[in-house]
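Listed below are the residues making up each chain.
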Amino acid sequence: LIVFFITSNTHTSKNLQSPLTIVDIRVTAPLTGQFAYYGTQVQHALNLALQDNKNKLKAEGIKINIKYEDNTGNKSIAVTNFNEFISQGNVPLVISTNTPLSQPLIPLAQKNKINLLALVTGAQNFAKDENYVFRDAIMSYDQGSLIAKYLIKNNITKIATMVVNDNYGISGVNGIKD
């Protein structure tokens, strides 16, 4: 998926004997705090993918720079991180995590025409009809539907749900109801 974004906004180093395409990717994620599990997992996955493909990228003349910023699970910090990233220029992709942390970045991505890849975002209408916003996670609605199928299969007819009153929680409940 990241390869798709590489073609959208890159720059070339002029200091090398052979041209090198440099791709700057920025990540705002909770690397500390209560949501740190999600952010650090994304960080580890990206670092591993970069390491595993280092020789291939080098052979193709591509250098990927990833800069991580900790948003501590705070929406305001995620927005500040995003604005700092785009002020630096030449950023084809910003990666974020978690629905509540990524949602406020959608209008910024659209306005500035910056690709936003939101991971661990399960709200049903997240990024619907957006040109620059993408996500990679099973929707909570679909998770709710799977729970409902399990309940029906096991003849469980009464349940109670307790969810956060946000897009993610409501989508999951609707998946169970429908």
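The structure contained in this document is the topic of the report that follows.

### Observations regarding helix H4 (residues 75–87)
Residues separated by three or four positions in an α-helix point in the same direction, a consequence of the helix having 3.6 residues per turn.
1) Next: In this model, H4 (13 residues) spans 18 Å end to end at C-alpha, consistent with the 18 Å of a helix rising 1.5 Å per residue.
2) Next: Along H4, the residues that are buried comprise Ala 78, Asn 81, Phe 82 and Phe 85. Buried residues in H4, looked at end-on, bunch into an arc of 100 degrees, giving them a common side. Away from its buried face, by an angle of more than 90 degrees, H4 presents the exposed residues Ser 76 and Ser 87.

### As for the nonpolar core
1) Next: Membership of the largest hydrophobic core comes to 16 residues, with the highest contact counts inside it found for Phe 82, Val 94, Leu 105, Ala 109, Leu 116, Phe 126 and Val 133.
2) Next: When contributions to this core are tallied by element, the ones reaching two or more residues are H4, helix H6 (106–112) and strand E5 (115–119).
3) Next: With near-sequence residues (within four places) excluded, Phe 82 lies in contact with Val 94, Leu 105, Leu 108, Ala 109, Ile 114 and Leu 116.
4) Next: Listed in part, the 15 residues of the second largest apolar core include Val 27, Ala 29, Leu 31 and Leu 46.

Cut-offs used in this document
- Residues numbered from 1 in each chain as written.
- Predicted model: local features only at pLDDT ≥ 70, side-chain atom pairs only at ≥ 80, totals over all residues.
- Heavy atoms only, no water.
- Helix = DSSP H or I, 4+ residues; strand = E, 2+ residues; numbered from the N terminus.
- Expected span 1.5 Å × (residues − 1).
- Buried < 20%, exposed > 50% of the residue type's maximum accessible area, 1.4 Å probe, protein only.
- Arc of directions from axis to C-beta.
- Core = buried A, V, L, I, M, F, W, Y, C linked by side-chain atoms within 4.5 Å.
- Contact = heavy atoms within 4.5 Å.

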